[in-house]
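The lines below spell out each chain.
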Amino acid sequence: MPTINNPTVPANDFFGRLIEVGHTIVYPMRRGSKMWMQRASVTEIRQHDRTQPPLLVCLNPTGRRVTIQNLDNCVVVVPSSDN
């Protein structure tokens, strides 16, 4: 958990891998009883203040902006080609 003495917390996925801008992730979606995994591209990693965990700002395949707060539910599937 972030504290005032340690303000920045890395964004990690379900497996503990580092999430960076440019990575492609999948996260669970649900509409009624239908459930599926949705793909998105990370455009920004945001931390509102030093006491909050980071959250992801992403674009899904339709171009819609999505904010993911629970990083324990997402998984990196394609790292950026910069590595």
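Residues numbered from 1 in each chain as written. Predicted model: local features only at pLDDT ≥ 70, side-chain atom pairs only at ≥ 80, totals over all residues. Heavy atoms only, no water.

A. Spatial organisation of the side chain of Gln38. By secondary structure assignment, the location of Gln38 is in strand S2 (residues 34-46). Looking at Gln38, its side chain comes within polar contact range of the side chain of Trp36, at 3.3 Å. Those residues in contact with Gln38, other than ones at most four positions away along the chain, are Ile25, Val26, Tyr27, Met29, Asn60 and Pro61. (Helix = DSSP H or I, 4+ residues; strand = E, 2+ residues; numbered from the N terminus. Polar contact = N/O pair within 3.5 Å; in protein donor to acceptor, adjacent residues only side chain to side chain. Contact = heavy atoms within 4.5 Å.)

B. Region of the structure containing the nonpolar core. Ile19, Ile25, Tyr27, Leu56, Cys58, Ile68 and Cys74 are the most contacted members of the largest nonpolar core, which totals 14 residues. For this core, the elements supplying multiple residues, two or more each, are strand S1 (24-31), S2, strand S3 (55-59) and strand S4 (65-68). Here the element with the most residues in this core is S1; it accounts for three residues. Contact partners of Ile68, with chain neighbours within four places excluded, come to Ile25, Tyr27, Leu55, Leu56 and Cys58. (Core = buried A, V, L, I, M, F, W, Y, C linked by side-chain atoms within 4.5 Å. Buried < 20%, exposed > 50% of the residue type's maximum accessible area, 1.4 Å probe, protein only.)

C. Molecular detail of the pattern of salt bridges. For the coordinates displayed, the defined rule picks out two salt bridges. The partner of Asp13 in a salt bridge is Arg17, with the nearest N and O atoms 3.2 Å apart. For Glu44, the salt bridge is made with Arg46, and the minimal N-O distance between the two is 3.1 Å. On the basis of relative accessibility, which here comes to 32%, the residue Glu44 falls in the partly exposed class. Residue Arg46 is classed as partly exposed on the basis of its relative accessible area, which comes to 26%. (Salt bridge = Lys/Arg side-chain N within 4 Å of Asp/Glu carboxyl O.)

D. Looking closely at the sheet that holds strand S5 (residues 75-78). Here five strands make up an open sheet; going across it, the order is S4-S3-S2-S1-S5 and the pairing antiparallel. The two strands at the open ends of the sheet, each matched to only one other strand, are S4 and S5. Going across the sheet, the axis of each strand differs from the next one's by a mean of 50 degrees, ignoring polarity. In this sheet, S5 lies alongside S1 in antiparallel orientation, the contact comprising three bridges. (Pairing = 2+ DSSP bridges. Axes fitted to C-alpha atoms, helices over the stretch in contact; angles between N-to-C directions.)

E. Fine view of the pairing of S4. Here S4 shows a buried face lined by Val66 and Ile68 and an unburied face lined by Arg65 and Thr67. Two strands pair when backbone bridges link them, and S3 and S4 are joined in this way by four bridges, in the antiparallel orientation. Bridging from a neighbouring strand, Val57 pairs with Thr67 of S4. Remark: five residues form the turn of the hairpin made by S3 and S4, two consecutive strands paired antiparallel; Gly63 in that turn has positive phi of roughly 90 degrees.

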